[in-house]
Amino acid sequence: MRRARTDLVRTGVVGVFLAGLCYGLAAGLPAYWVFLAMSAVISGVLLQSLGVVAGHAGMVSLCQMAFAAIGAWTTAQLHVWGVPGGLYVWAPLAGLAAVPLGLLIGLPALRLRGVHLAIVTLGFAATVDVVLAATSFPGTDHGITVTRPAGLTSDRQYFLFCCAVFAIVGIALKLVRGTRLGASWRALRESERATAAAGTSVPGAKLSAFAVSAFVAGLSGALLAGQLAMVVSKNFDPGQSLVMYAVAIMVGAHHPEGALIGGALGVAVAEMLRRFGVPQQWSNVIFAVGAVQALTQGAGMSDAIRGLLHGVARGRRAHPATAGTPVPVAAGAPAEAPADAAAPAGPETTGGALEVTGLTVRYGRVTAVDAVGLTVPAGTVVGLVGPNGAGKSSLVDAVSGFLPGSAGTITVSGGRVDGLPVHRRARAGLRRTFQQDRVPTGLTVREYLRFAARRPVSDADIAEALAGLVEVGPEGPISALDVGTRRLLEVAGALLARPAVAVLDEPAAGLGHAESARLGEWLASVPARYGSAVLLIEHDLDLVRRACTRVTVLDFGRVIAEGPPAEVFTRAHVLRAYLGEEMAA
Amino acid sequence: MTASKAAVALLAAIALTSGCGLSEDSPAASASGSSGDSGTIKIGSVNALSGPVTFPDSSSAAKAVFDRVNAQGGINGREIEYIVTDDKGDPAAAAQAARDLVTNQGVVALAGSASLVDCAVNAPFYTQSGIVSVQGTGVDPTCFSSAAISPVNAGPYLNTAINLYYASEVLKRDKVCSFLAILGNTNDAYGQAIASWTKLTGKTPVVDDRTVKPDSDPTPFVLRAKKEGCQAVLYNGTEPMAIAWMKAVKQQNITGIDWLMTTAPYTDAVAKALGTDGDGMYANAEFEPFTQADSSALADWRSLMTEKNVPLTSFGQGGYLAATHLVDTLRSIQGPITRESVAKAFKELKPIESPLTGTPYEFGDAAGHMSNKAGKIVQLEGGQWRVVTPDWVRYPGTLG
Amino acid sequence: MLQGVVSGLAGGGTFAALGLLLTVMYRLTATVNLAIAATGVVGVYVMALLVQAGWPYGVAALAGIVAGALASVCCGLIMTRWFATGGPQIRTAVSIAQLIGLIALAYICFGDEPRVLPNPADGRVATVAGVTITMGSVILIALAVLIGTGIHVLLTRTSLGLRLRAMAERPITTELLGIGTRALTVTVWGLSGALASIVLLLVAPVRSSDILSLSMLIVPACAAALVGGLRLLSGALLGGLGLGLLEGALAGSATVQQYRDVVPFVVILFILVWNQRGEVWDAAR
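Predicted, not measured: the structure shown is a model, and the values here were computed from it.

Can you explain the overall build of chain B? Please cite residues and give values.
Along the backbone of chain B there are 12 helices and 14 strands. Radius of gyration (C-alpha) of chain B: 23 Å, near the 21 Å computed for a compact globule of 400 residues. Over its C-alpha atoms, taken along the principal directions, chain B stretches across nearly 70 × 65 × 35 Å. Here chain B holds 400 residues, and the buried ones make up 61% of them. A fraction of 69% describes how many contacts in chain B between residues 6 or more apart in sequence connect residues 24 or more apart.

Given below as structure tokens:
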């Protein structure tokens, strides 16, 4: 509680200091420098828009200038129409006008990635440029220029207005960053499959990232129109979009300070070159080299600065930090856990948490899963084992919705989910984890668990979810964890959502023997703690014995045995199928 | 949430601060620069010096003029300091350059600017700052429709009108076509030029194609001109575009069409690059054609440019002319030379005759200026430019 | 209509040739080299400089081709030195940065004044539908076909091709087999740069020859390569030709003139989305 208050005081002080700084700059700088600072802040707003789509969500967008152009065009048009409210009203409207285009470009992004997306967005930028060049900006032919409203007429006042817009955008994006939407953008960057499996709609996340990005870019276009009074299509040249993308990478525009540095660099480099009489083209060379340099580091300037500051801060309070945040390590379930489990949102049905009948998966002429039936009763942990290539992974993919072509019925707590997309199945109470490491590294442990839970969770919930499973502090970044730990964290996240059933795909891979044993005990306690049933896919038969009440054996896509582990693992044909040559030898 | 509190704090602080103080800067009052009678007289210009299309000659020529004035004792003993800035064809850089000149350096006027974006981006700012610009090469339509700017050149729109007029009235071609590359907000200005010609002559272009792009292959357009039976074709391409156009004409072996270009390709580089491939191509010189070595009208310009090592180009003529007009006007000012007195002098300017142009240079109080309304037609032959019309072709109509 | 189509042949050959180079580079080095046309521009301008200095065209052109190859090798070295293990996203970003840097450097080194660009193939071959087909367009299309078939044969029939494919598909295994993948990769970059220079030497004299316009030939070239999904050589070839013919046909038609440049983009968008419609997820599994 006290920490929250000191944080509050600190951010308050920083906020007041920054506001004072802006005012000081506006009042104290020579008029020319105010203009330069204004340009820097407006580019900063545009870079923040790139920070959303490219920085957070990891999608290439080479058409930000086109969005800005729509914003500026709208501003000019609103001015010509004489819409009341001045720039205060026009700017948000300009942002909104860019949103449909953002959504339009977001649609191909649902299927196109990487270089495909780069080409499409570049093509889009070129197209908007062609259309804008053919139809000049409203008012320019009649010498009507965008006028600033009362209170913003001087450059100094307008500079403050730009600072305010930049701050609002920065703070709003920071707030969004803390929400599930913001986390979903960063999760998207890591893995679309994991994002969907956590119950988040991938199309929704992508489209929202493009929409928000277009809105912010549109705002910057409106600011530019207000700054220059007259804009032409050349202000929004597609080449500029390319350069801006390079700058965004170079500075790390997903942090507001990075965006500001980028804006300032753009202006400062041009100014320096001018002062020293060097051709302006060199600035693009500098940005190109800077971007390549940032890419070799894997992080832009803002990340580097944050890392540096963080390192200093940690060095300064190294001891209190380790003492102040003890890692919760409890062997068993905490005392209050069963009380919590008494009111799970999940299953109340008497039937199975997960029921699969006649599930069939075909890849071409190969039948990977052949009419498999499987039941995970509520409140139980069921194992699914089988040799490599038995069809376990295909079965998990089909159940969780990644193979829409599969046949068969799947019910979760009595409700049919086959036919639903992945994220809808997840929301219906069917969670899964992955064999591959797909935990988004851009999040902290707490952010990830909140994102995965899809429900309000307190710090106590988080501590409890981690207890006995994985020894990490909630503040730490996931990127600092090893793969085995990340995987356990994924398990904790899936269960924190209190699903009807959690399908865990080899959670023990990469764990040592002792850790594996502890995981087995923890899994056995899951139904009591969370009210969730578990379908455990695992190679480690000891773990299965320890955790599961029943086990299903799969071979060549068919169920060959089913029953309590102790009994199933003694059957001859199971041993033959599972251990194969080892038995024969 | 701490961030939201920070947001509130920051917004409140900004709202508080922006409310008080920060009264309006009067751009005219602030940094009025070399006011009074001491120090240098600062003159500025905004130019495309780097980037895809550059016009370095205009400011170089203007500098040559100012250097000569300084060598001869300056204006009433005060030297002229000529500040040349680069906008790299980028509107943002042009805006930055203009602010630097006007608010930071405190120039009293602009002269000899040659840029694709300067007028469009900075015209409102010049008006607001009460400064005048004697544009060396104006391209954008705003150059010709701002109270603060009066270019010495004719500009692509009047060029277009003169070319159409020359094709239909002097060459007596019935089927006149126009192929235009529309860059930026030039569509309406070209439209007005064509409409003005139509109004004057009662004729309409057989083809009015405005879809040429700088990087498109000209072959399909050249073929279209042939297919539609054009007898004279107007094209507004820049140097590389015009070269590509004429090469396509040559490749397709098209004959019997007169090709009329604006001023842009009237350069030695084009003549050299095309060689005999450009035979018959017309261009419209906005000033006394610079390729005429023996023209007495050009004697002073030619000797000055040669002395100062400035390439002999049409842009150089524009810069020379702009600087000369400015110097004449500065000399006429009684009392201190400030931004206000210079602006006043230009607003009250009597038309200035010059042997380099067909019509006198004007400024005055008009809302827009297009005083150079004449051209001389030149033609390429064997890699050499040749003057076809020894007399000025004055355009009798008005644009817009 | 037919006239327009025929007049688009030269453009089609250009797009196809560059699209093929993109496809091959993607298959062999896992990079979409957006700067490939820009490296060709370096070749063209070096040639122009040398011709201006009085060199005979043949020698100057050869020097230009070498210069283009060297520029490409530099890009390739950056890519292999620091981004050998980078994902496609990072490589795309690096490529974008290289494009920006190369264009800027080209302007700094060569300026913007129009150059005398001798046309090595300006003879006339035939006249179809009132359109003269030039030697240049025939050579360009032949070059595109030659690049396509040549690479196909190289990759499928020769041991070098086998090694190249092995390198592209299993770089680490190939390295373990004692084949220096880095040298091979950089060679691929250099050869692509040389071929791009040849293509541009043929195109530059008949198109608008400024640096930016020529470098931006990459956009239609990418579109052509995408028609083949960046894998099929035949797709890139046909895509490039189709795009050129479309450009020519649209230039001749009066109805869609105004937004003519939008049409290829829309066509490409649809082809791309259709090709990739199955790519619901970012990773295979």
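Which residues make up the overall build of chain C, and what values do they have?
Across its full length, chain C carries 13 helices and 2 strands. Each of the 285 residues in chain C was classed as buried or not, and the buried ones make up 57%. Excluding contacts between residues fewer than 6 apart, the proportion of contacts in chain C whose partners are at least 24 apart in sequence is 75%.

Give a detailed account of the UniProt feature "domain: Leucine-binding protein" (unreviewed entry) in chain B, specifying residues and quantitative values.
UniProt records the feature "domain: Leucine-binding protein" (unreviewed entry) for residues 40–383 of chain B in the present numbering. Taken end to end, residues 40–383 of chain B is 41% helix and 16% strand, and its two terminal C-alpha atoms sit 45 Å from one another.

Describe the domain arrangement of chain B, with residues and values.
Residues and elements named next belong to chain B. Its domain assignment divides chain B into domain 1 (41–154 + 294–369) and domain 2 (156–285 + 376–394). Using C-alpha coordinates to define each centre, domain 1 is positioned 28 Å away from domain 2. With 10 residues of domain 1 in contact, the opposing surface of domain 2 contributes 15 residues. Taken together, the residues of the side of domain 1 that touches domain 2 break down into 5 nonpolar, 4 polar and 1 charged.

Can you tell me about the interface of chain B and chain C, naming the residues and giving the values?
Between chain B and chain C, the residue contacts involve 31 residues of the former and 33 residues of the latter. If you list the elements that add at least two residues to the side of chain B that touches chain C, you get β8 (208–212), α7 (219–227), α8 (239–251) and α9 (268–274) of chain B. Among the residues making up the side of chain B that touches chain C, the classes are represented as 14 nonpolar, 8 polar and 9 charged.

So what about the packing of helix α3 (residues 64–81) of chain A against helix α5 (residues 114–134) of chain A? Which residues, and what values?
All names here are of chain A. Two elements in contact, α3 and α5, have axes whose closest approach is 9 Å; the angle formed by their N-to-C orientations is 30°. For the element pair α3 / α5, the angle class is roughly parallel. Contacts from Met65, Ala66, Ala69 and Trp73 of α3 reach α5 at Phe124, Ala125, Val128 and Leu132.

Which residues make up the sheet that holds strand β9 (residues 550–555) of chain A, and what are the values?
All names here are of chain A. A sheet is described by the order of its strands in space; here 6 strands give the open sequence β6-β7-β8-β3-β9-β10, paired in mixed fashion. Two strands in the sheet have a free side with no partner beyond their single neighbour: β6 (430–432) and β10 (558–563). Taking the axes of each pair of neighbouring strands and ignoring which way they run, one obtains an average angle of 20° across the sheet. Bridging between β6 and strand β7 (residues 501–505) involves 3 bridges; their strand directions are parallel. Looking at the pairing, Arg431 lines up with Ala502 of β7. Of the strands in this sheet, β3 (381–385), β6, β7, β8 (533–537) and β9 touch helix α16 (residues 392–400), which is tilted by about 145° from β7.

Any chance you could break down the environment of B:Val102 for me, citing the residues and the numbers?
In this structure, B:Val102 sits in helix α3 (residues 91–105). For B:Val102 and B:Phe125, which are 23 residues apart along the polypeptide, the C-alpha to C-alpha distance reads 9.4 Å.

Requested: an account of the sheet that holds strand β1 (residues 352–363) of chain A, with residues and values cited.
All names here are of chain A. Judged by pairing direction, the sheet is antiparallel, and its 4 strands sit side by side in the order β2-β1-β4-β5 without closing on themselves. Edge positions in the sheet fall to β2 (366–377) and β5 (415–416), since each of these pairs with one other strand and no more. Where strand β4 (residues 407–412) lies against β5, 2 bridges are found, and the strand directions are antiparallel. What sits directly across from Val412, in β5, is Gly415.

Break down helix α12 (residues 339–347) of chain B for me, citing the residues and quoting the values.
All names here are of chain B. Looking at α12, one finds that the buried residues are Arg339, Val342, Ala343, Ala345 and Phe346. Taken end-on, α12 shows its buried residues confined to a sector of 160°, consistent with a single buried face. As for α12, its buried residues are in contact with β3 (109–111) and α11 (314–332).

Give me the lowdown on unusual backbone geometry, citing residues and values where you can.
In this model, A:Arg454 sits at a positive phi of 55°, which is unusual for a non-glycine residue. As for its position among the elements, A:Arg454 is in the loop between α18 (445–453) and α19 (459–466).

Describe in detail the UniProt feature "transmembrane region" (unreviewed entry) in chain C, supporting the description with residues and values.
All names here are of chain C. When the UniProt feature table is mapped onto this chain numbering, "transmembrane region" (unreviewed entry) sits at residues 6–25, 32–51, 57–78, 90–108, 128–155, 176–204 and 216–246. Between the C-alpha atoms that bound residues 6–25 there is a distance of 29 Å. The span itself is 95% helix and 0% strand. Within residues 216–246, the helical portion is 77% and the strand portion 0%, while the C-alpha atoms at the span's ends are 18 Å from each other.

Talk me through the nonpolar core; I want residue IDs and the actual numbers.
In globular proteins that are soluble, nonpolar side chains generally tend to be buried together. If you look at the biggest cluster of nonpolar residues, it comprises 436 residues, and the most contacted ones within it are A:Ala246, A:Val501 and A:Leu536. Residues contacting A:Val501, with those up to four places away along its chain left out, are A:Ala353, A:Leu354, A:Val376, A:Val412, A:Gly429, A:Leu430, A:Ser532, A:Ala533, A:Val534 and A:Leu535.

Break down helix α11 (residues 256–275) of chain A for me, citing the residues and quoting the values.
For α11(A), with 20 residues, the first-to-last C-alpha span of 28 Å sits near the 28 Å given by 1.5 Å per residue. Two residues or fewer past α11(A), A:Gly277 is found with a positive phi of approximately 70°.

Talk me through the pairing of β4(A); I want residue IDs and the actual numbers.
Residues and elements named next belong to chain A. Sheet topology note: the β1/β4 ladder contains 5 bridges and is antiparallel. Across the sheet, the residue bridging to Glu355 is Thr411, located in β4. Counting the residues between successive antiparallel strands, the hairpin from β4 to β5 contains 2 residues, one of them, Ser413, with a positive phi of roughly 50°.

Lay out the packing of helix α6 (residues 135–157) of chain C against helix α9 (residues 181–203) of chain C in plain terms, naming residues and giving numbers.
Think of two packed helices as two axes; the pair is described by the angle between the axes and how far apart they sit. Residues and elements named next belong to chain C. Where α6 meets α9, the axes come as close as 10 Å, and the angle between the chain directions of the two elements is 160°. The orientation of α6 relative to α9 falls into the category roughly antiparallel. Here the hand of the crossing between α6 and α9 comes out left-handed. Contacts between α6 and α9 involve Gly136, Ile139, Leu140, Leu143 and Ile147 from the first element and Leu195, Val199 and Leu202 from the second. Partitioned by chemical class, the residues of the contact of α6 with α9 number 7 nonpolar, 1 polar and no charged.

Break down the pairing of strand β1 (residues 41–47) of chain B for me, with residues and values.
Residue and element names in this part refer to chain B. Burial within β1 is extensive, with 7 of its 7 residues counted as buried. On β1, burial covers both faces: Ile41, Ile43, Ser45 and Asn47 on one face and Lys42, Gly44 and Val46 on the other are all buried. After leaving β1, the chain enters helix α2 (residues 56–71) and then returns to the sheet as strand β2 (residues 80–86), a path that is right-handed.

Go over the confidence of the model for chain C, please, and point to the residues and values.
Within chain C, residue pLDDT values average 83, and 90% of them lie at 70 or more. In the model output, the complex is listed with pTM 0.85 alongside ipTM 0.86.

Can you break down the confidence of the model for chain B residue by residue, with the values?
Residue and element names in this part refer to chain B. For chain B, per-residue confidence averages 84 on the pLDDT scale, and residues scoring 70 or more make up 90% of the total. Low pLDDT (under 50) marks residues 16–20, which in the prediction has 5 contacts with non-local residues, meaning those over four places away or in another chain. This model gives residues 24–35 a pLDDT under 50, and the stretch forms 37 contacts once residues within four places in sequence are excluded.

The rules behind the values
- Residues numbered from 1 in each chain as written.
- Chains lettered and ligands numbered in written order.
- Predicted model: local features only at pLDDT ≥ 70, side-chain atom pairs only at ≥ 80, totals over all residues.
- Helix = DSSP H or I, 4+ residues; strand = E, 2+ residues; numbered from the N terminus.
- Rg over C-alpha atoms; globule rule 2.2 N^0.38 Å.
- Buried ≥ 20, exposed ≤ 12 C-beta atoms within 10 Å, placed from the backbone.
- Contact = placed C-beta atoms within 7 Å.
- UniProt positions renumbered as here; feature names shortened; annotations may be inferred.
- Domains from an automatic or database assignment.
- Nonpolar A, V, L, I, M, F, W, Y, C, P; charged D, E, K, R; others polar.
- Axes fitted to C-alpha atoms, helices over the stretch in contact; angles between N-to-C directions.
- Parallel < 35°, antiparallel > 145°, perpendicular 65-115°, else oblique.
- Pairing = 2+ DSSP bridges.
- Arc of directions from axis to C-beta.
- Core = buried A, V, L, I, M, F, W, Y, C linked by C-beta atoms within 7 Å.
- Expected span 1.5 Å × (residues − 1).
- Left-handed = near helix turned anticlockwise from the far one by under 90°.
- Right-handed = clockwise from strand over helix to strand, strands pointing away.
- pLDDT = per-residue confidence, 0-100.

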